Amino acid sequence: MTKKLENPSKFKCETLPERDRCVVFLWFFCGFTQKKSYETIYKPRCSASSLPPKVSLFFNDWRVANYIRALKNQFIDYPYTNPLAWKYY
């Protein structure tokens with residue numbers, strides 16, 4: 001019996017806004033770093049030293065962590081996920 005899954009970009013979690021889902025998707029599946037994925041979507045206007053704390057707060061939020069766990073459970077068999085993403089959760 002094979003497991004049929006949707007495209008990961010269509011995976012939805014009701015507690016997370018679309019932009020947040022996109023940040024996680026860029027990091028988890030596309031190989032971007034956490035910082036680069038956050039910068040790409042949110043285009044922050046802040047100093048370089050204040051960006052890492054913002055990114056840490058974003059990825060440590062319970063909603064984002066739950067979404068990442070759900071993605072991991074759903075798409076665990078797929079080899080195209082970012083291998084660096086797995087060491088954080």
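Refer to the structure printed above.
Parameters and conventions
Residues numbered from 1 in each chain as written. Predicted model: local features only at pLDDT ≥ 70, side-chain atom pairs only at ≥ 80, totals over all residues. Heavy atoms only, no water. Helix = DSSP H or I, 4+ residues; strand = E, 2+ residues; numbered from the N terminus. Core = buried A, V, L, I, M, F, W, Y, C linked by side-chain atoms within 4.5 Å. Buried < 20%, exposed > 50% of the residue type's maximum accessible area, 1.4 Å probe, protein only. Contact = heavy atoms within 4.5 Å. Arc of directions from axis to C-beta.

Draft legend 1. Unusual backbone geometry, seen in detail. In the Ramachandran plot, Lys43 falls in the positive-phi region, its phi being about 45° despite a non-glycine side chain. Considering the arrangement of structural elements, one finds Lys43 in the loop between helix H2 (34-42) and helix H3 (51-60).

Draft legend 2. A look at the nonpolar core. The biggest cluster of nonpolar side chains holds 18 residues, and the ones touching the most others in it are Val24, Phe28, Phe58, Phe59, Val64, Ile68 and Leu71. Contributions of two or more residues to this core are made by helix H1 (18-30), H2, H3 and helix H4 (62-74). It is H1 that contributes the most residues to this core, 6 residues altogether. The contacts of Phe58, once residues within four sequence positions are left out, are Asp20, Val23, Val24, Tyr38, Tyr42 and Val64.

Draft legend 3. Main features of H3. All buried positions along H3 are accounted for by Leu51, Val55, Phe58 and Phe59. Projected down its long axis, H3 shows its buried positions confined to an angular sector of 90°, all on one face. Exposed side chains of H3 directed beyond 90 degrees from the buried face belong to Leu57 and Asn60. Lining the buried residues of H3 we find H1, H2 and H4.

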